[in-house]
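# A closer look at the structure
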Amino acid sequence: MGSANQTTGATRKARIEEMRRAELARERRNRFLVITGSVVAVAALVAGGVFVVKSQSEDDSSDAKSSSPGSAAANFVTGADGVRTWKGKLGRTHVTKRVEYPTVPPVGGDHNQVWMNCDGDVYTKAVDDMNAVHSLEHGAVWVTYNAKAPKADVAALAAKVEKTPYTLMSPDDDQADPIMLTAWGHQRTVTGASDPNVDKFFEKFVQGAQTPEPGAACTGGLSQ
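Scope of this entry: the structure provided in the associated data block. (Residues numbered from 1 in each chain as written. Predicted model: local features only at pLDDT ≥ 70, side-chain atom pairs only at ≥ 80, totals over all residues. Heavy atoms only, no water.)

## Let's talk about the overall build of the protein chain
Formally: Secondary structure elements follow DSSP: runs of H or I no shorter than four residues count as helices, runs of E no shorter than two count as strands, and numbering proceeds from the N terminus. When a residue's accessible area, from a 1.4 Å probe over protein chains only, is under 20% of the maximum for its type it is buried; when over 50% it is exposed; and in between it is partly exposed. In this analysis, two residues are considered to be in contact whenever any of their non-hydrogen atoms come within 4.5 Å of each other. Using a 1.4 Å probe, the Shrake-Rupley method yields the accessible areas, and only the shown protein chains count as cover for residues.
Helix and strand counts for the protein chain stand at 5 helices and 7 strands. Written out in order from the N terminus, the α and β elements of the protein chain read α-α-β-β-β-α-β-α-β-β-β-α. With 224 residues in all, the protein chain has 36% of them scored as buried. Within the protein chain, contacts between residues at least 6 apart in sequence are counted, and of these 69% link residues at least 24 apart. Accessible surface, the protein chain: about 13200 Å² in total, of which carbon and sulfur atoms supply 57%.

Given below as structure tokens:
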């Protein structure tokens, strides 16, 4: 009997030791997994941080470069007719974030999904560039002027715009020259309303070959 009890006790002790060893092994394995997971998580955070910083740095660099007047001038080719043509690729994505255009006024690029009405619309206040660029995409010619433009010329140009579908007009005090004409990827300065280049620009670029979306609406958009 004593021998049987001793055998049973030994077996129980062996089972307990085996369970203890298994528990210790399980604890070591769990500890290893926790440490490994922590290391991987930290590495991922570090890598992600580096990527974000690098991406932000590249974006900032790109924005600074695109906003530089020197780089903008380098992207224009001026023809014999005086029209400046943009050499680079112009984005056409609809975006909600602000776009910093490299030219004033802009000649194209990513823009707001809503266009400025351009069915001979004359605006007395500055319009949002992002909406006006969408109008250019539809084949509109955008007439802009600053405070140096003679009032008589502004009135005469407004009259021309009002009777010309796919055109719009607005003031822009940030532009360098008194009167400027802009189409998608093209731009020029004119001396006044009587400058023959006004009619030439309208004839060539109102719904011209440069239009990314010919026939797209110039009504039903945004208006002041």
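## Quick notes on the nonpolar core
Inclusion rule: In plain words, nonpolar cores are sets of buried Ala, Val, Leu, Ile, Met, Phe, Trp, Tyr and Cys residues tied together by side-chain atoms within 4.5 Å.
Core analysis: the biggest nonpolar cluster contains 22 residues, and Trp 86, Met 116, Val 127, Trp 142 and Leu 168 have the highest contact counts within it. Of all the elements, helix H3 (residues 129-137) adds the most residues to this core, at 4 residues. Those residues in contact with Val 127 that lie beyond four places of it in its chain are Met 116, Ala 132, Trp 142, Ser 170 and Gln 224. Core analysis: the second largest hydrophobic core is formed by 18 residues, Val 143, Val 161, Phe 202 and Phe 205 among them.

## Quick look at the state of the cysteines
Formally, a disulfide is one covalent bond, and it connects the sulfur atom of one cysteine to the sulfur atom of another. Operational definition: To count as a disulfide, a pair of cysteine sulfur atoms needs to be within 2.5 Å.
Considering all chains together, one arrives at 1 disulfide under this definition. Between Cys 118 and Cys 218 runs a disulfide, and the two sulfur atoms are separated by 1.6 Å. In this structure, the disulfide formed by Cys 118 and Cys 218 twists by about -90 degrees around the S-S bond and is classed as left-handed. Taken as a pair, Cys 118 in the loop between strand S2 (84-86) and strand S3 (119-122) and Cys 218 in the segment after helix H5 (196-205) lie far apart in primary sequence, 100 residues in all. Of the residues examined, Cys 218 reaches a relative accessible area of 5% and is grouped as buried.

## Examining the packing of aromatic side chains
Geometry of an aromatic ring pair is reported as the spacing of the ring centres plus the angle between the planes. The criterion, for reference: The aromatic pairing rule takes the rings of Phe, Tyr and Trp, using the six-membered ring of Trp, and pairs them if the centres are within 6.5 Å, calling planes under 30 degrees apart stacked, those over 60 edge-to-face and the rest tilted.
Taken as a whole and assessed by the stated rule, the structure comprises 2 aromatic pairs. Seen in terms of ring centroids, Phe 76 and Trp 86 are 5.1 Å apart; in terms of plane orientation they differ by 85 degrees. Their pairing is edge-to-face. Of this pair, Phe 76 sits in strand S1 (residues 76-78) while Trp 86 sits in strand S2, and the two are 10 residues apart along the sequence. The same class applies to Phe 76 as to Trp 86, namely buried.

## Notes on the pattern of salt bridges
Heads up, the condition is: Note on definitions: salt bridges are taken to be side-chain nitrogens of Lys or Arg within 4 Å of carboxyl oxygens of Asp or Glu.
What the rule picks out here adds up to 4 salt bridges. One salt bridge connects Glu 213 with Arg 92, and the closest N-O pair in it is separated by 3.2 Å. With Glu 213 in the segment after H5 and Arg 92 in the loop between S2 and S3, the pair connects residues that are 121 residues apart, well separated along the chain. Taking the shortest distance from any N to any O, the salt bridge between Asp 128 and Arg 98 comes out at 3.0 Å. With Asp 128 in the loop between S3 and H3 and Arg 98 in the loop between S2 and S3, the pair connects residues that are 30 residues apart, well separated along the chain. On the basis of relative accessible area, Asp 128 is assigned to the partly exposed category, the value being 30%. Salt bridges here are not isolated pairs; linked through shared partners, they connect Arg 92, Glu 137 and Glu 213.

## Looking at the environment of Leu 136
Here Leu 136 shows up in helix H3. When the C-alpha positions of Leu 136 and Gly 185 are compared, they lie 8.7 Å apart, and in sequence the two are 49 residues distant.

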